[in-house]
Amino acid sequence: MSDEIDEKQIIFDDDDGDENFIDLKDAVEVEEIDDDIPMDDDDNDGDVGAAKNNDEIASETMNEDAIEDMSLLTIASHKSSSVFSVASHFDKNSNTLSIITGGGDDKAFMHKMKDNNVSTIPLNHQHTDSVSCVATNESLVSDDLKKTPKYVAVGAYDGTIVLYNPDTGEKITVLDGPTDVEFVAFHKSGTVLLAGSIADATVWMYHLPSSKCLQVFVGHECNGDGGGVTSGAFTPDGKFALTIGMDGTMRIWAPRTGVCRHVFKFHSNDANLEGNEFKGLTCLAVDGGLDGQLAVAGGEDGCAQVVHLQGKKIVATLHHFDAPQGGSSMNIDEGEEAPMVTSVEAVGFASRSVNSNWLATGGSDGKLKVWDLTFNGGQCRQVCEVKDNECGGITRLLWHPLQPIIIASYSDAVVRLWDARNGRLIHTLTGGNSSEENQINDISVEFIDSAAGSSDSIVIVTGNDDGNAKVFGAELGAIMAQAQN
């Protein structure tokens, strides 16, 4: 690698009055900035829809089958195309919530929510395939913006990664990348980006201020059926990159040299596979354990694999779903066989402020399981499930940073909050259209004033299959108090 980029020596170094917040009860007026896109003939098809008022909700609830829209805001910029990815950032200084969305219409948008107004800025690069992932480094930037510039990164299945200014929406540059872009992830420095491909199984690493590619990591196997790299992240200390793939492996990469330092190969839980066959890994989480060296990957075989990165050891294999003896299918009344739904679709560690030994897995079976790694091999301490399993599968999960609360999104377009201590459902957020045809594909959560105590606010942004992004608000203090009654 060339030594001409001075920042590289810093990037991977081994050492590391009252505020005004968005009122979650306020309605939203919409101001749209969309000069380049002609107005539709139908006035009801605006790019951004305001949150429903109490009269509208009351009218809907008169119908026994109506589902309440509890969102503060509905963003309809993508119209009928699925919203695949969302990212958000709340700026306390300006009291502004920024939301980035990407969808199946090959477009990305940036939305600014401040006080009672919302504006929308189309991110103007002309993609030729779906926008698959969006991210921002705004939570990572320092006060010196010359040292750590602010970026929005947009990745698409056309293989492009586009950087934008998160303040103005102005396009900064387009990065050459892999065949397609499945994920993007920022380094803790905020100046390095990791991107992976599901099509060609490569992982690219960029230095953003110079727009240069630092490394291309090659090692994951591609089976030719879309089986490449599915997720990746930098380790919390910033020293290594970590990726998982449909080849059933987790790989540790050295950013400076591009060398693969270790490969974890996990045996499948599927009895129908031979001993040397592996099922794909679908989701990844890092920063577990007291030392932050635990990582967990969920798989299509219904297991979650927990590893210690520094020790290069498999710590536990958590069986979220145990297939019946004899294979991963079941007999139905007609004597035919139907495949069992077994995939682990979401994983996450509790923070060290909550419990360094806890993690959660969410499955396509609709169950959320809380595990305790204190016990050898891990032990399931709680199973959180909706009555009669009328919820579809879990698509994403996130832990509250200070409370034992898990926020989970489902394929029935509902967000549910669970108490990890007892497995109780403590809050449900519906968006007015709950069905398995309108699943939530992605969520982003802002914990506002969470360091102040139990009365903090939570803002949840969802990306849905019906083309809408929904913004929900929740007051955790009130939710916890109600749950204790």
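First, a word on scope: everything that follows refers to the structure included in this document. (Residues numbered from 1 in each chain as written. Predicted model: local features only at pLDDT ≥ 70, side-chain atom pairs only at ≥ 80, totals over all residues. Heavy atoms only, no water.)

1. What about the overall build of the protein chain?
Item 1. Within the protein chain, the secondary structure is distributed over three helices and 36 strands.
Item 2. In the protein chain, buried positions account for 53% of the 485 residues.
Item 3. Accessible surface computed for the protein chain: about 21700 Å², of which carbon and sulfur atoms make up 43%. (Helix = DSSP H or I, 4+ residues; strand = E, 2+ residues; numbered from the N terminus. Buried < 20%, exposed > 50% of the residue type's maximum accessible area, 1.4 Å probe, protein only. Areas by Shrake-Rupley, 256 points an atom, 1.4 Å probe, with all protein chains shown as cover.)

2. Quick look at the sheet that holds strand S32 (residues 414-419)
Item 1. Strand order in this open sheet of four strands is S30-S31-S32-S33, and the pairing throughout is antiparallel. Looking at strand neighbours, the two that pair on one side only are strand S30 (394-399) and strand S33 (424-430), the edges of this open sheet. Here the strands of the sheet are splayed against their neighbours by 20° on average, with no regard to which way each runs.
Item 2. As defined by bridge partners, strand S31 (residues 405-410) adjoins S32 across five bridges and the pair is classed as antiparallel. The residue bridging Ile405 from the neighbouring strand is Asp419, located in S32.
Item 3. Sheet contacts for helix H3 (residues 476-484): S31, S32 and S33; angle to S33, the most-contacted strand, approximately 135°. (Pairing = 2+ DSSP bridges. Axes fitted to C-alpha atoms, helices over the stretch in contact; angles between N-to-C directions. Contact = heavy atoms within 4.5 Å.)

3. A short note on the pairing of strand S36 (residues 469-475)
Regular strands show a simple pattern: their side chains alternate between the two faces of the sheet.
Item 1. Of all seven residues in S36, six are buried; the element is thus mostly enclosed.
Item 2. Of the pairings in the sheet, the one linking strand S3 (residues 73-75) to S36 comprises three bridges and is antiparallel in character. Within the sheet, the bridge partner assigned to Leu73 lies in S36 and is Val471.
Item 3. Of the pairings in the sheet, the one linking strand S35 (residues 457-464) to S36 comprises seven bridges and is antiparallel in character. Looking at S36, one finds that Val461 is bridged to Val471.

4. Observations concerning the pattern of salt bridges
Item 1. This structure, assessed with the given rule, holds seven salt bridges.
Item 2. Of the charged contacts in the structure, one is a salt bridge between Asp287 and Arg352, with a shortest N-O distance of 2.9 Å. With Asp287 in strand S20 (residues 281-288) and Arg352 in the loop between strand S26 (344-349) and strand S27 (358-363), this residue pair connects regions lying 65 residues apart in the sequence.
Item 3. Take Asp287: its relative accessible area is 30%, and that puts it in the partly exposed class. (Salt bridge = Lys/Arg side-chain N within 4 Å of Asp/Glu carboxyl O.)

5. Re the side chain of Thr74
Item 1. Within the secondary structure, Thr74 is located in strand S3.
Item 2. Taking the relative accessible area as the measure of exposure, Thr74 reaches 13% and is therefore buried.
Item 3. Only 2.7 Å separates the side chain of Thr74 from the side chain of Lys470, close enough to count as a polar contact. (Polar contact = N/O pair within 3.5 Å; in protein donor to acceptor, adjacent residues only side chain to side chain.)

6. As for the packing of aromatic side chains
In this description, a pair of aromatic rings is defined by centroid distance and the angle of the planes.
Item 1. Enumeration over the complete set of coordinates arrives at four aromatic pairs.
Item 2. Seen from their ring centres, Trp204 and Tyr206 are 6.3 Å apart, and the 25° between their planes marks the pair as stacked. Each member of the pair, Trp204 together with Tyr206, is buried.
Item 3. Relative to Trp399, the ring of Trp358 has its centre 6.4 Å away and its plane inclined at 40°; by these criteria the two rings are tilted. Of the two residues, Trp358 is situated in strand S27 and Trp399 in strand S30; the sequence distance between them amounts to 41 residues. (Phe/Tyr/Trp six-rings, centres within 6.5 Å; stacked < 30°, edge-to-face > 60°.)

7. A word on the sheet that holds strand S12 (residues 183-186)
Item 1. If you trace the four strands from one edge of the open sheet to the other, you get S12-S13-S14-S15, paired in antiparallel fashion. The open sheet has two free edges, formed respectively by S12 and strand S15 (212-218), since each of these has just one partner strand. Adjacent strand axes in the sheet meet at a mean angle of 20°, parallel and antiparallel pairs treated alike.
Item 2. For S12 and strand S13 (residues 192-196), the ladder comprises four bridges, and the chain directions are antiparallel. Counterpart to Phe186 in the pairing with S13 is Leu193.

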